[in-house]
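Notes for the structure review
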Amino acid sequence: MLNFIITGAPGCGKGTQSQLLEQKYGLKHFSTGDALRAEIASGSALGKEIDGILAAGNLVSDDFMIKLIGNFIDTLPTSCKGFILDGFPRTIVQAYALTQLFEQKQIKAYLLHIMVDEPEVVKRILKRGESSGRADDNLESIKHRLKVYHEQTAPICRYYLARNNYFVVNGNFEVEETFAQIDMLTALLQHAEQ
Ligand code: AMP
C-alpha cells in the first residue's frame, strides 16, 4: 500500500491534486471536508450541529474527527492499493492519534505538503467561491481559516519533519505543473516500496 497524508493551507489544491493521484495511482481519496459537507447536506442532527462550525471556518472537535478517520481506516477494502487523507490531521492532537492508529494497524503514510503563497490561496478560494456554493469561501472565512491553519495545522509539518516523514512540493503553479512534482515523487516512493 502507498498512503499519503496531504496537507497545506486552504485553497492550496489538496482536493484537486488528490483526485489526480487517485485517478493515476488508484489510491482511495478521503476528504474530511467533503465528508463533513455531505453530513450537513443530509440534513441530519449531526449535520446541523457542525454546519455553523464549518461556515465560520472553525475546526470540528478532535474527538469527532478521530472517530471519522478511524471508521474510514477500518472500512478500507483489503484490495485497496493505498489511500490519500485530505484534511486530516489538522491539529497536533489529531496527528498523535493518527500515529497511534497507524501503529496499531501497521500502516505507513507519507506526509505531502503543498506549499502555496498566501495571496495566491486567497485569490483561488475567492474564485472557487463564485461557483462552489461553500459557505466558507468568502473573504471573512478565508482570513479566519488561514489563521486557524497557521496556529493549529501548520505545526503538524514540524511533527512529520521531526519523524523524517515530510515531503513538500511547490503548489504555486498550474494544476498540471504541481501534479508533475507529485507524480514524480509518487513514482519514486512506489518504487521504494516494492
Ligand atoms: P476543507 O474542505 O478541507 O477545506 O475543510 C472544510 C472545513 O471542514 C474546515 O474548515 C473545518 O471546519 C472542517 N474540517 C475538515 N477537516 C477537519 C479536521 N481534520 N479537523 C477539524 N475540522 C475539519
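So, a few notes on the structure that sits alongside this text. (Residues numbered from 1 in each chain as written. Predicted model: local features only at pLDDT ≥ 70, side-chain atom pairs only at ≥ 80, totals over all residues. Heavy atoms only, no water.)

Each helix and strand counted, the protein chain has nine helices and five strands in total. Taken from the N to the C terminus, the helices and strands of the protein chain come in the order β-α-β-α-α-α-β-α-β-α-α-α-β-α. What you see for the protein chain is a C-alpha radius of gyration of 16 Å, in line with the 16 Å of a compact globule of 194 residues. Overall, the C-alpha framework of the protein chain stretches about 45 × 35 × 30 Å when taken along its three principal axes. (Helix = DSSP H or I, 4+ residues; strand = E, 2+ residues; numbered from the N terminus. Rg over C-alpha atoms; globule rule 2.2 N^0.38 Å.)

By the definition in use, this model includes zero disulfides. A disulfide-free cysteine, cysteine 12 has its sulfur positioned 10.0 Å from the sulfur of cysteine 157, the nearest such atom. By relative accessible area, which is 3% here, cysteine 12 ends up buried. (Disulfide = S-S within 2.5 Å. Buried < 20%, exposed > 50% of the residue type's maximum accessible area, 1.4 Å probe, protein only.)

Below, the discussion takes up the nonpolar core. Looking at soluble globular proteins, one finds that nonpolar side chains tend to be buried together. Core analysis: the largest hydrophobic core is formed by 26 residues, its most contacted members being Ile69, Ile73, Phe83, Leu85, Leu98, Phe102 and Tyr160. Breaking this core down by element, the ones donating at least two residues are α3 (45–56), α4 (62–74), β3 (83–86), α5 (92–105) and α8 (155–162). The residues touching tyrosine 160, leaving out its near neighbours within four places in the chain, are Ile5, Pro89, Ala95, Leu98, Leu111, Asn165 and Tyr166. In this structure, Leu2, Val121, Leu146 and Ile182 belong to the second largest nonpolar core, which totals 24 residues. (Core = buried A, V, L, I, M, F, W, Y, C linked by side-chain atoms within 4.5 Å. Contact = heavy atoms within 4.5 Å.)

Honestly, that's just the spatial picture; any functional story needs more than this.
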